[in-house]
Amino acid sequence: MFKNLRAEIKAIKEKDPAARSTLEIFLCYPGFYALLMHRVSHWLWNHSLKLLARMNSNLARFLTGIEIHPGATFGKRVFIDHGMGVVVGETAIVGDDVLLYQGVILGGTSTEKTKRHPTVEKGVIVGAGAKVMGNITIGEYSKIGTGAVVLKDVPPQSTCVGVPGRIVRRKGVKPEKVDLDHGKLPDPVADAIRVLEKHLQENDRRFEILFEKHEICLTEDIRDEQEELEDLFNKDGD
């Protein structure tokens, strides 16, 4: 048990540059407490003490702001950073070395008593506020961007962003270091807005050209009418 605790603390120090000491992690990290209490709840759940398991998980939720169903399965060295608002459903499976940020939801999309929550494989990073919904699989060492809504499987070593989630990087296409630098992640929404702005600018230029041509046509028509009137006056004068 102590060996596992040391591994958990070491993983936190590696994944969180703000972690300065083991004592600080013990006293100030709600994600660490939430996982410790969940492991107790999970043991109770698997030994048919489901009411006690739910009571313990509710206590953990009250203390940490992190809601993990006792039936969820967690691997080793998982780190929930900050953690407020994290929700993990009953049939979710979280692999080793996974990093979850605050506001992450591993939720279900079915009311049937089946596997209805995600499987998050080894080394995955899920950004703040991301929603991973349904019985889908997030492949090893993939990254889910901040605020993404993922409804389909994500291949290993891929990057998924946007609403709904879209694969923007994949192993063998654009390899990169596994790091959640949001400044470097593609933004499909921003790209779409830029395309719309470009189209609007092009339309504005086209309208300007049309108006110029229309004014030229009007000017020519007025000139023709003036010449006709002058011809009529000249004839009357004669």
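As shown above, the structure is provided for reference.
Residues numbered from 1 in each chain as written. Predicted model: local features only at pLDDT ≥ 70, side-chain atom pairs only at ≥ 80, totals over all residues. Heavy atoms only, no water.

Digging into the overall build of the protein
Reasoning step 1: Helix and strand counts for the protein stand at 5 helices and 15 strands.
Reasoning step 2: Residues classed as buried in the protein amount to 36% of the 238 residues present.
Reasoning step 3: For the protein, the proportion of contacts with a sequence separation of at least 24, taken over those separated by at least 6, is 32%. (Helix = DSSP H or I, 4+ residues; strand = E, 2+ residues; numbered from the N terminus. Buried < 20%, exposed > 50% of the residue type's maximum accessible area, 1.4 Å probe, protein only. Contact = heavy atoms within 4.5 Å.)

Side note on helix α3 (residues 30-46)
Reasoning step 1: For α3, with 17 residues, the first-to-last C-alpha span of 24 Å sits near the 24 Å given by 1.5 Å per residue.
Reasoning step 2: For α3, the set of buried residues is G31, F32, A34, L35, M37, H38, S41, H42, L44 and W45.
Reasoning step 3: At the exit of α3 stands S48, carrying a positive phi of roughly 60°. (Expected span 1.5 Å × (residues − 1).)

Side note on the side chain of E8
Reasoning step 1: Among the structural elements, E8 can be located in helix α1 (residues 2-15).
Reasoning step 2: Polar side-chain contacts of E8 include one of 3.0 Å to the side chain of R39.
Reasoning step 3: Apart from residues no more than four positions distant in its own chain, E8 is found in contact with F32, R39, K76, R77 and V78. (Polar contact = N/O pair within 3.5 Å; in protein donor to acceptor, adjacent residues only side chain to side chain.)

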